[in-house]
Amino acid sequence: MSKALKWLAFLWKRIKYFLYSTRFFWKRVGFSLITMVLVIIFGFFLIKMMPGNPVDTYAKSLMESRRIPYADAYRLATSLLNYDPNESVWSQFSRYVSGIFQGNFGTSMYRDDVNVTTVIRDFLPWTLFISAFALLISFILGVLMGADLAWRRSGWKDFLANTFIVVSGAIPDYLWGMILIFVFGITFKWFPIQGNYDILLEIDGWPFIINVLYHAFLPILAFSIVQIGNWALAMRGSSIGVLGEDYIMAGKARGVSERHLEKRYLRKNAMLPLVTSLGLSFAGLFGGSSLMESIFNYPGFGNEFAVAIGSRDYFLIEGMMVFMSFILILTNLLVDSIYSLIDPRIRRDA
């Protein structure tokens with residue numbers, strides 16, 4: 001019995017140590033859960049504030065399309081939309097929350113067999129593909145450019161880089177999209193201006209992958225142009241602060257080569273504060289995908305969101321908004337967790 005108690009005491013100490021050492025992560029998890037709860041409450045009251053009676057409108061549509069009595073159409077509408085305006089507010093909220101936990105974020109009022117789940121399955125991967133690719137490319141190029149600008153503050157490279165930053169930042173990404181379509185899609189006809197791949201192509205193997213990248217080149221480039229300048233400016237400011245640190249001076253005094261100092265000392269330490277901005281940057285790309293995908297007629301989650309807004313498909317809009325909020329909350333949680341891993345000072349100060 002005493003051995004069992006000792007083992008339990010030892011296990012309890014290990015659990016306490018684990019919870020204490022990962023307290024930064026659990027704090028972020030707690031904040032994320034609270035934010036998700038607030039998003040769910042906001043989504044529910046967004047439904048309550050819809051004009052008119054959307055369930056009645058949807059029931060009449062079902063009655064005409066399926067040729068069924070109004071009472072049956074109304075019951076079917078409340079089941080598909082997961083909402084009944086005749087129930088109490090608490091019953092409505094319970095139904096709404098249970099539907100979310102079952103993966104039922106919302107159903108289209110105007111398109112048969114279309115709901116948020118099918119939109120996620122069919123269109124979300126394309127939006128994540130171009131957003132993640134653009135974020136990765138812009139972050140890498142922006143970090144390299146910003147570190148070089150801070151290390152070498154004169155010369156023709158500095159002039160060209162600063163010119164690029166000013167010009168790219170002065171023009172919104174959707175205008176860059178239009179410019180790229182006109183120049184490379186219409187004038188030179190080098191790249192396609194719509195779609196995600198050739199519909200006649202077999203969905204298999206390297207030819208398909210290359211064709212997907214070929215169609216995604218202009219949207220990714222339009223997303224990346226502005227982001228590269230933003231990352232370069234942020235990296236430049238962070239690098240200038242790092243240049244005054246003692247370990248940089250000590251490295252120069254020891255005769256460490258400039259290339260090694262820039263690569264191992266400057267970039268590595270100046271890049272740490274930028275990691276926290278990755279989540280916000282991804283949120284900007286993901287949230288701005290509606291306009292960009294509409295310009296390129298790219299069949300992604302954002303394009304479907306724009307279509308739902310245009311047709312005033314309230315339940316689909318609300319469900320997609322809640323799901324997008326969940327994605328952004330989880331992205332920020334992931335970025336914060338990664339930052340705490342690469343910078344132990346965060347864990348120590350938490």
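Residues numbered from 1 in each chain as written. Predicted model: local features only at pLDDT ≥ 70, side-chain atom pairs only at ≥ 80, totals over all residues. Heavy atoms only, no water.

Asks: Before we move on, could you go through the side chain of Thr118 and cite the residues and values that matter?
Replies: Within the secondary structure, Thr118 is located in helix α6 (residues 116-151). Overall, the relative accessible area of 15% leaves Thr118 in the buried class. Here Asn115 takes part through its backbone oxygen, which lies 2.7 Å from a polar atom of the side chain of Thr118. (Helix = DSSP H or I, 4+ residues; strand = E, 2+ residues; numbered from the N terminus. Buried < 20%, exposed > 50% of the residue type's maximum accessible area, 1.4 Å probe, protein only. Polar contact = N/O pair within 3.5 Å; in protein donor to acceptor, adjacent residues only side chain to side chain.)

Asks: If you had to explain the environment of Gly279 to someone new, which residues and values would you point to?
Replies: For Gly279, the position within the fold is in helix α13 (residues 277-287). On the basis of relative accessibility, which here comes to 1%, the residue Gly279 falls in the buried class. For Gly279 and Leu333, which are 54 residues apart along the polypeptide, the C-alpha to C-alpha distance reads 8.3 Å. Sequence-distant contacts of Gly279, defined by excluding residues within four places in its chain, comprise Thr331, Asn332 and Val335. (Contact = heavy atoms within 4.5 Å.)

Asks: Explain the pattern of salt bridges to me, and be specific about the residues and the numbers.
Replies: Tallied over the full model, the rule gives two salt bridges. As a salt-bridge pair, Arg121 and Asp122 come within 3.0 Å of each other at their nearest N and O atoms. Classification of Asp122 as partly exposed rests on a relative accessible area of 36%. (Salt bridge = Lys/Arg side-chain N within 4 Å of Asp/Glu carboxyl O.)

Asks: Before we move on, could you go through the packing of aromatic side chains and cite the residues and values that matter?
Replies: Aromatic rings considered in pairs are described by the distance between their centres and by the relative angle of their planes. Scanning all chains against the criterion turns up 18 aromatic pairs. With 5.7 Å between their ring centres and 80° between their planes, Phe105 and Phe323 make a pair best called edge-to-face. Residue Phe105 is located in the loop between α5 (89-101) and α6, and its partner Phe323 is located in helix α16 (residues 314-342); the two are separated by 218 residues in the primary sequence. Each member of the pair, Phe105 as well as Phe323, is classed as buried. Ring geometry for Phe191 versus Tyr214: centroids 5.5 Å apart, planes at 40°, classification tilted. One end of the pair, Phe191, is in the loop between α8 (173-187) and α9 (205-243); the other, Tyr214, is in helix α9, and 23 residues separate them in sequence. Tyr214 gets classed as partly exposed once you look at its relative accessible area, which sits at 36%. (Phe/Tyr/Trp six-rings, centres within 6.5 Å; stacked < 30°, edge-to-face > 60°.)

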